[in-house]
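Understanding the architecture of this molecule
What follows is each chain in one-letter form.
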Amino acid sequence: RLGKYGEAELAKARLEELRMHEENRRREAMRSRHIAERLGVEEAHMLEFQQFNAVWDKKMTDYDHYAHELIEGMRERHLREFQDYQAKTQIDVPQRPKFSRELLNLRRIQECLAKQREYAEADKVKRKGDQLEHNEIMKWEITRAQKIATLEGQFLYKQASELKALEKRMQSGREEQRKTRASELDRILQRYQNVKSELESQQHIERIRSEKNIGKEIIPPLPLSMDRKTPRGVAASMKKSSSPANSPVSSHSASNGSGSPTSLQRAKTADATKHNPRQTVASSGSSMNGNGYPTEKPSTARGTRRENRQVVQNLASTMDQIKLDA
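Read on for an overview of the structure. As the structure is a prediction and not an experimental result, all values here were calculated from the model.

1. Topic: helix H2 (residues 101-115)
Over its 15 residues, H2 extends 21 Å from the first C-alpha to the last, a length consistent with the 21 Å expected when each residue adds 1.5 Å. Listing the buried residues of H2 in full gives Leu 103, Leu 106, Arg 107, Gln 110 and Leu 113. The buried side chains of H2 occupy one side of the element, clustering within an arc of 125° when seen end-on. For H2, the exposed residues lying more than 90 degrees away from the buried face are Arg 101, Glu 111 and Lys 115. Phi turns positive, to about 65°, at Arg 117, one or two residues after H2.

The structure is reproduced here in structure tokens:
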């Protein structure tokens, strides 16, 4: 018998084309899904990063405002306390000095001379006493001013130390916040890297498994529902070809008693398929083009999985019948 190797080759090429198309479609779908998953992780990380920065910016701004209020409040309080201390110091430090023993003696001598009516000597003692009193008052004013300045300086130093301690405490809190923020940021970045690495590992494993199983999933086992003597698909085709509408010698086709087709039936079937090669292909359910070759049915959803599988099964059945006829 003459084999239909040309049609078998076309069917094989069409199967290979469909297989490659389905493989590419699955690879592209998996790649798109992987890209979407990675973009989802990136978007979630960026959203978390933005929320993190917003929270910490607000927290540090509030802390700076709080620290500024504390420092300004302390400065205002120090100013009021210093004014009160100045007034207190002016009262506590005597304005007139404690005169010396020499000046007091001169004043007693002056009084005695005045009582004795020695006015000339009393006037000399008085001028001497006035000069000594003036010197002592000037000296006391200088000493008093120095004492007040010393007391005020000590008070101001105490206030400055208190303000400096507060500023240092606020700065320490600010540095602690910066360290905490950096630590939490590192933890977020590390978590993102871990999630990203785990996702890439899972996607890599999925790609490897998909490459191993993609051929098995796309092309199922050929539907060779047959035994070595009576192929069911060929028997059905022979039955159609030997019907009264197709063959004038159908009355002579008889069973051999076991239900299997006779040699005459097989010969007629082969002769019919030889002169009409489209009949076998058309019986599989595939459409025919202008040259009599099988083509894929047009579909509204290009490359859908169900239609591709149906076409693959139809072409596989066609190849099976072609091989059996050959």
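2. Some remarks on the packing of aromatic side chains
Evaluation of the coordinates by the stated rule reveals three aromatic pairs. Each ring, one from Tyr 85 and one from Phe 155, has its centre 4.5 Å from the other, and the planes form 5°; the classification is stacked. Placement of the pair is Tyr 85 in helix H1 (residues 5-92) and Phe 155 in helix H3 (residues 119-218), with a sequence separation of 70 residues. Among the aromatic residues, ring-to-ring pairing joins Phe 82, Tyr 85 and Phe 155 into one connected group. Of note, Lys 59 hangs over the ring of Trp 56, and the distance from its end group to the ring centre comes to 4.1 Å.

3. A word on the nonpolar core
Of all hydrophobic cores here, the largest spans seven residues; its members are Tyr 63, Ala 67, Ile 71, Met 74, Leu 163, Leu 166 and Met 170. Among the elements of the structure, H1 and H3 are those that each provide at least two residues to this core. Those residues in contact with Leu 163, other than ones at most four positions away along the chain, are Ile 71, Met 74, Arg 75 and His 78. Judged by nonpolar contacts, the second largest core, of six residues, contains Leu 103, Leu 113, Ala 122 and Leu 132.

Cut-offs applied
Residues numbered from 1 in each chain as written. Predicted model: local features only at pLDDT ≥ 70, side-chain atom pairs only at ≥ 80, totals over all residues. Heavy atoms only, no water. Helix = DSSP H or I, 4+ residues; strand = E, 2+ residues; numbered from the N terminus. Expected span 1.5 Å × (residues − 1). Buried < 20%, exposed > 50% of the residue type's maximum accessible area, 1.4 Å probe, protein only. Arc of directions from axis to C-beta. Phe/Tyr/Trp six-rings, centres within 6.5 Å; stacked < 30°, edge-to-face > 60°. Lys NZ or Arg CZ within 6 Å of the ring centre and 35° of its normal. Core = buried A, V, L, I, M, F, W, Y, C linked by side-chain atoms within 4.5 Å. Contact = heavy atoms within 4.5 Å.

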